[in-house]
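Each chain, letter by letter, is given below.
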Amino acid sequence: MLDFLKALFRSRADVQRERLHAYLDNALPTEERRQFEQALADDSALQAALDDLRLLKMNLSRLPRVRAPRSFALNATVHGRAAVHGRHRPKTAARLYPIMQGAVALTAFFLVLAVVVDLSTGRAARETAVMTAADSPMESEAVALMEAAPSPAESRMMTAPEMTTTIEAKAEEGEMSSGAMFFEETAEVVVESERLVEEDAALTQSAADQPHGGVDSEAPPPIAPAPSAMSTAFPEPASEPEAALELTPLPTLDQPSAATPGRSLWQTAQIILGAILAVTLTLTLYLRRRL
Amino acid sequence: MDEEALIVKAQRGDVQAFNRLVIIYQDAVYNVAYRVAGEPDLAADATQEAFISAFHNLGSFKGGSFKAWLMRIVTNACYDEFRRRKRRPLSSLDEISEINESAPVLSSDELGPEAHQQQAELVAAIERCLHDLPDDQRVAAVLCDVEGYDYNEIAEIMSTSLGTVKSRISRARSKLRDCLQGMRELLPIEYRL
């Protein structure tokens, strides 16, 4: 800024003088040098001034070289002064610095490796889940129909005919298949089970109304549920009405699979390696400042 | 071992490697300090401080001319010495002669006694005129005409712009010329400006 202001207030004589000295020192641009040489040829006073400057420059350059009066090498006393200023441990820092650099590089490499393996393992698990769902259409339909069917809580609120109607109405909206038939039969079982529960309740109530102490009176044994088409078609009898509607939920894409327990191990490794990388990087930067 | 290897070792704290660099450059550094400071004791102090400062700040040297980097440090050390002590002006040529005799000079033995005397008088006159210059103009003139650095190198050493360097050199030479012309009766004919 100051140079710019000085340049603004330079006189013509100052500019000429600077050009003369720059020409003497071979510091003029080519075009300016050519112009100055033309001016030199036309101006004898300028030529005389240049000659004086050339003699002065020569005399200055011939000033005798002065030998150093003593050695200025740093000795113990001087080095001690340097040590006071915090340079007394450069050797340790110099030895540790390349080691820490290697540690940072190695840790970063293993961290990247852990991240890559974790990502590839997770992708494989998702692809497996997708393939499993695509290979079992009946199960997928059953899932869809299960979603269409009222929940167990809702089914308790409904009567059997209402539930059947609901299932039939929703099934009519989509394609019907053996899965729908399965639910139809399930609804029939529910109806039958409700009837049996009501009869059981009635018998229990009547037994309770009879006077106590009658050793001869025996409560009639509870009526076992009659065998139905479900117990023959499906060898696993349901103990509760609601249990017939309950299906083992298929694993969805969002739920973590229990088949890949090693994935949490990679995540733990990533956390540990990340912490180590942060520590080694901090130490490396500290040692770099000390050097 | 080459200079680059010595610098690398010195940057890692090897004092012996740094001392080898000191031995290589101490004459050149002392010369600049002597011509700028004008006094042997002050020049020696500035030179020692310059090398200590260079060892402290080796980490800031990122390549380029190590000599120019040292010259920057020693000129700053000279400025610091000027501020630290009062500069005693040289009042007579006798004092200049005494100073010259105390500083060992690397001069040619080819000159005869008379020529040697004439040269001594010229040197004394130039040194006196140099001492009368302002500090920054004196530094510019020493670096340019005594040490032979070009304008760009001088700008780097003095941490200033090219235009400022040109201005300082032109003003320094003009004042030196005027000063020597005032002493022409004392100079040999062939050296009179």
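Everything discussed here concerns the structure shown above.
Analysis parameters
- Sequence order as written defines the numbering, with residues in each chain counted from 1.
- Chain A is the first chain written and ligand 1 is the first ligand written, with later ones labelled in order.
- pLDDT decides what is reported in this predicted model: residues at 70 or higher carry local features, side-chain atom pairs at 80 or more are listed and counted, and totals for whole chains, interfaces and linings draw on all residues regardless.
- The side-chain numbers reported here are obtained from all heavy atoms of the structure, hydrogens and water having been left aside.
- Helical segments are the DSSP runs of H or I of at least four residues, strand segments are the runs of E of at least two, and each set is numbered from the N terminus.
- Throughout this description, buried means an accessible area under 20% of the type-specific maximum (1.4 Å probe, protein chains only), exposed means over 50%, and partly exposed covers the range between.
- Here a residue-residue contact requires only that any non-hydrogen atoms of the pair lie within 4.5 Å.
- Only the protein chains shown count as cover for residues, and the accessible areas themselves come from Shrake-Rupley with a 1.4 Å probe.
- Two parts placed together each lose some accessible area under a 1.4 Å probe, and adding up what both lose gives the buried area.
- By salt bridge we mean one thing: a side-chain nitrogen of Lys or Arg within 4 Å of a carboxyl oxygen of Asp or Glu.
- Think of a polar contact as two N or O atoms within 3.5 Å of one another; within protein, one of them needs to be a possible hydrogen donor and the other a possible acceptor, and neighboring residues in sequence only count if both atoms come from side chains.
- Each residue gets one label: Ala, Val, Leu, Ile, Met, Phe, Trp, Tyr, Cys and Pro are nonpolar, Asp, Glu, Lys and Arg are charged, and the others, such as Gly, are polar.

(A) Region of the structure containing the overall build of chain B. Along chain B, the regular secondary structure elements total 9 helices and 1 strand. Put simply, chain B has 193 residues, and 51% of those count as buried. Partitioning the contacts of chain B with sequence separation of at least 6, the portion at a separation of at least 24 is 63%. Carbon and sulfur atoms provide 46% of the accessible area of chain B, an area that totals close to 9,000 Å².

(B) A look at the interface of chain B and chain A. Taken residue by residue, the interface counts 53 residues in chain B and 39 residues in chain A. When chain B packs against chain A, close to 4,500 Å² is buried across both sides, 60% of that on carbon and sulfur atoms. Linking chain B with chain A are 3 salt bridges, by the criterion used here. Note that A:Asp25 and B:Arg173 form a salt bridge whose closest N and O atoms lie 2.7 Å from each other. For the pair chain B and chain A, the interface holds 14 residue pairs in polar contact (both at pLDDT 80 or more). For the side of chain B that touches chain A, the secondary structure elements donating two or more residues are helix 2 (15-37), helix 3 (40-56), strand 1 (105-106), helix 6 (113-131), helix 7 (135-146) and helix 9 (162-181) of chain B. A total of 12 residues in the side of chain B that touches chain A trace back to one element, the largest contributor, which is helix 9 of chain B. Taken together, the residues of the side of chain B that touches chain A break down into 26 nonpolar, 15 polar and 12 charged.

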